[in-house]
There are 2 protein chains.
Amino acid sequence: MAEYQKMTREALLAEQQMLLERYKNYQAMGLKLDMSRGKPGKEQLDLSMALLQDTDYIEDGIDLRNYGIIDGIPSCKKLFADLLGVSPDNILMGPNASLSLMYDYIAQCCSHGVLGGTPWGKLPKVKFLCPVPGYDRHFTILEYFGIEMINVAMQSDGPDMDAIEELIKDEAVKGMFCVPKYSNPQGITYSDEVVRRIAALKPAAKDFRIIWDNAYCIHEIYEESDELLNIFDVLPQYGNDDMVIEVCSTSKMTFPGAGISALAASDANIADIRNRLNCQTISYDKMNQHRHAKFFGDVEGMKAHMQKHAAILKPKFEMVLDHLENELGGKGIASWIKPRGGYFISLDVMNGCAKRTGELCREAGVVLTTVGATYPYGKDPNNSNIRIAPSLPPVEELDLAAQILCVSVRLACLEKLLAK
Amino acid sequence: MAEYQKMTREALLAEQQMLLERYKNYQAMGLKLDMSRGKPGKEQLDLSMALLQDTDYIEDGIDLRNYGIIDGIPSCKKLFADLLGVSPDNILMGPNASLSLMYDYIAQCCSHGVLGGTPWGKLPKVKFLCPVPGYDRHFTILEYFGIEMINVAMQSDGPDMDAIEELIKDEAVKGMFCVPKYSNPQGITYSDEVVRRIAALKPAAKDFRIIWDNAYCIHEIYEESDELLNIFDVLPQYGNDDMVIEVCSTSKMTFPGAGISALAASDANIADIRNRLNCQTISYDKMNQHRHAKFFGDVEGMKAHMQKHAAILKPKFEMVLDHLENELGGKGIASWIKPRGGYFISLDVMNGCAKRTGELCREAGVVLTTVGATYPYGKDPNNSNIRIAPSLPPVEELDLAAQILCVSVRLACLEKLLAK
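Visitor: How should the interface of chain B and chain A be read in this particular structure?
Guide: For an interface, size is often stated in terms of accessible area lost upon the parts coming together. Facing the 51 residues of chain B at the interface are 51 residues of chain A. Roughly 4,300 Å² is buried in total at the junction of chain B and chain A, and carbon and sulfur atoms are behind 54% of that figure. Per-residue buried area on chain B facing chain A is highest for R65, Y67 and Y144 of chain B; these three make up 18% of the total on that side. The interface formed by chain B and chain A holds 2 salt bridges in total. At the surface where chain B touches chain A, the tally comes to 18 residue pairs in polar contact (both at pLDDT 80 or more).

Visitor: What exactly am I supposed to notice about helix α3 (residues 74-84) of chain B here?
Guide: One full turn of an α-helix is made of 3.6 residues, so residues set three or four places apart face in the same direction. All names here are of chain B. Those residues of α3 lying buried are C76, K77, L79, F80, A81, L83 and L84. Buried residues along α3 sit against β4 (91-93), β10 (244-249), β11 (261-264), α10 (286-296) and α11 (299-328). Backbone geometry just downstream of α3 places G85 in the positive-phi region, at approximately 70°.

Visitor: Before we go on, may I ask you to explain the sheet that holds strand β7 (residues 158-159) of chain B in this structure?
Guide: Where strands meet in a sheet, backbone hydrogen bonds hold them as pairs that are either parallel or antiparallel. Residues and elements named next belong to chain B. Spatially, the 8 strands line up as an open sheet ordered β4-β11-β10-β9-β8-β5-β6-β7, and their pairing is mixed. A single partner strand is all that each edge strand has here, and the edge strands are β4 and β7. Judged from the 2 bridges that link them, strand β6 (residues 148-155) and β7 form a sheet pairing that is antiparallel. Paired with Q155 across the strands is G158, a residue of β7.

Visitor: Is there a simple way to explain unusual backbone geometry in this structure?
Guide: When glycine is set aside, most residues are seen to have a negative phi, and most peptide bonds are trans. Cis rather than trans, the peptide bond between N184 of chain A and P185 of chain A has omega equal to 5°. Inspection of the secondary structure assignment puts P185 of chain A in the loop between β8 (173-178) and α7 (192-199). The omega torsion of the bond from V132 of chain B to P133 of chain B falls at -5°, within 30 degrees of zero and hence cis. Of note, P133 of chain B is situated in the loop between β5 (127-132) and α5 (136-144). The backbone of I69 of chain B sits at a positive phi, close to 65°, despite the residue not being glycine. On the secondary structure map, I69 of chain B appears in the loop between β3 (62-63) and α3. Here I69 of chain B falls in the partly exposed class, since its relative accessible area comes to 28%. Phi at N383 of chain B is positive, roughly 45°, even though this residue is not glycine. Looking at the element boundaries, N383 of chain B is found in the loop between β14 (366-368) and β15 (385-388).

Basis of the calculations
- Residues take numbers from 1 onward in each chain, read along the sequence in its written order.
- As a convention, the first chain written is A and the first ligand written is 1, with the rest following in written order.
- Where local features are concerned, this predicted model is filtered to residues with pLDDT of at least 70; where side-chain atom pairs are given and counted, the filter is 80 or more; whole-chain, interface and lining totals use all residues.
- The basis for every side-chain value is the complete set of non-hydrogen atoms in the structure, without hydrogens or water.
- Contacts are assigned to residue pairs that have any heavy atoms within 4.5 Å of one another.
- In this description, buried area is defined as the sum, over both parts, of the accessible area (probe of 1.4 Å) that is lost when the two are combined.
- For salt bridges, the criterion is a side-chain nitrogen of Lys or Arg within 4 Å of an Asp or Glu carboxyl oxygen.
- Counting of polar contacts relies on pairs of N or O atoms within 3.5 Å, with two restrictions inside protein: one atom must be capable of donating a hydrogen and the other of accepting it, and residues adjacent in sequence are counted only when both atoms are side-chain atoms.
- For every residue, the accessible area obtained with a 1.4 Å probe (protein chains only) is divided by the maximum for its type, and the residue is called buried under 20%, exposed over 50%, and partly exposed between those limits.
- Counting from the N terminus, the helices are the DSSP runs of H or I reaching at least four residues and the strands are the DSSP runs of E reaching at least two.
- Strands qualify as paired when DSSP identifies two bridges or more between them.

Here it is in structure tokens:
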């Protein structure tokens, strides 16, 4: 298969003509396909309906239907402590999704500071490091609080640590958002070396905080899965016990929006957060916590449940990857990573062609994640990154959507090459 | 029955001797009774178990088990719009309890200001008006954000409006917390005139906000119930559409901590809050919203359900009120209001005797709400207010607890009178 950049103008025009024919045929189908967000499909949601059968809301003799237990119920704290490899004392159960845990923590840092430090909102400038491409909702939180975002390039084993070690010499740099396993959108898992270098950071800001968004902690797709080093096992070696706030949730295990979330942190951070929770909430939903604890039983039960998700997701990921390989492989216009878990495939097309690809897709009835959303302020400096979310559409729809995407990528790149 | 203040020293000593005998008998029983918080009793919690039977989580063809719908589901918005007498467009469904809605709104005012105004956190001084006695968790929120609290005395028909109209001339006074129906702890419902005067306020601060915590909006105990004027019907007459943020929840209709909450406000405030929610949450728990909407059906269904609660609560309130009347009536040492709804009985004892009453109760195995908690900073200036929460204990336990409370009040007052 020929690389586009090496083809003659005539060959490119012929290629374009052929693809425009295909594209028009897709357009004529009047499709409405959605690959925009990491939503589980219906089949996945059906996996957890038994969770709703809970009828006994008593634990250790306490009626969970009533007020109280701000930390979360013991069985749930135990479950998530085991999942994240920390003590139950270092777990707080959260609301229906971990996004709120992260938002609320950043809000707390801005209004009250970290462990008695100056509230970030009172500082002239606060900056955060953002590995890119990344998760748009992290960026939205930071933008809302007026925190300046600094792009840090992702590499094959995690964010560029040389760059980070340099950037944290600036005292205004107060933290970093990370999705350390099956990163959103690339599906990259940080290597042990990267995790160690993160744990060993010596930031100028004493109140530097890493939001360790372990959203895909057991969200494997293949049997051969990635292993993430437990950062809480490493932090004490560098006296950095307080530097990391980890969150996770069951949004993509049970029901998005009706799941439960958990936060893991050091004793000092837990006390600081609990102090806020005593003002902010009467408790989170303990009945839902109990449903989840009973449904999963233990971490092994959680993992067994996640295998059922994997069985549904795997053919969808393979479907998209096959089309990418068949249609874009060897043409020198696109690259991508085959993830072993998570919810996305990150596609990098020829610089300057991502937005146009998004347009072409939309005009053929396929909605992608807004191009640019994987970068702070919605600005992809290379206009090259596209996040593909294969989970929601049924396989037959995904088949079409992936074809349309590939044709759109090729057309967008051809337009650029021919415009030269 | 003789007034203590008119009795001779000998008569007082005899009374004390008699009461100490009774008190010792109670102590010997080794009781553990809790009248500290407005927790529903088990029988009340059992009323809502059918809510959990929901199996169909589809509304208007949308799968509520998946991401989306930040405002809350339409059926729930309609239900709470009808309950609060506003348009569904002016409703946002909230998390599992309304306390978080209030905390998050105050946090938003502090970090981002009101409708584009200066963030309160950037002002040298922010003050709030607090009708007293009031709800300790309102005070906790304000204290956490460093907002100075100013006591405003409650009168029989609501807070002292003359005082409020004077205090709002101070531009630093940015708002007020109100529980307008069956107030916590007194059970007072604001009169139409008070609601109108509140709606007509012309505060110096353009970003003055009233948190209208309608926690007990349909929480009647008797058939003859209080009617609260809908403040949103009155605000437009004074051009004050944006001045009020109303909240309510099902914490005391279904399950505390596993219910749903709602916020009602003007278009401008709703937009301001939704702007934050788009950063803070993926949505609140729509499955729980759906359970509630199906369980209640409509406002009439809600009210019918609340009558079942009333049937359980009424004998408990009457039990306590009978003891108060029998043991404290005519002695000139205590006063209280008989509420027609809500969750509390507010008891005012002779100045300087509330804390001692609490101690005596505790030493006889009865836990009351921490004395002082009904005032900002936990400081009851007269050391006279006691909040009684009769809902949790079974009637037979409540019978004993109320007796112990009355004996403790009498002993505390006798101690004071005899110390003169």
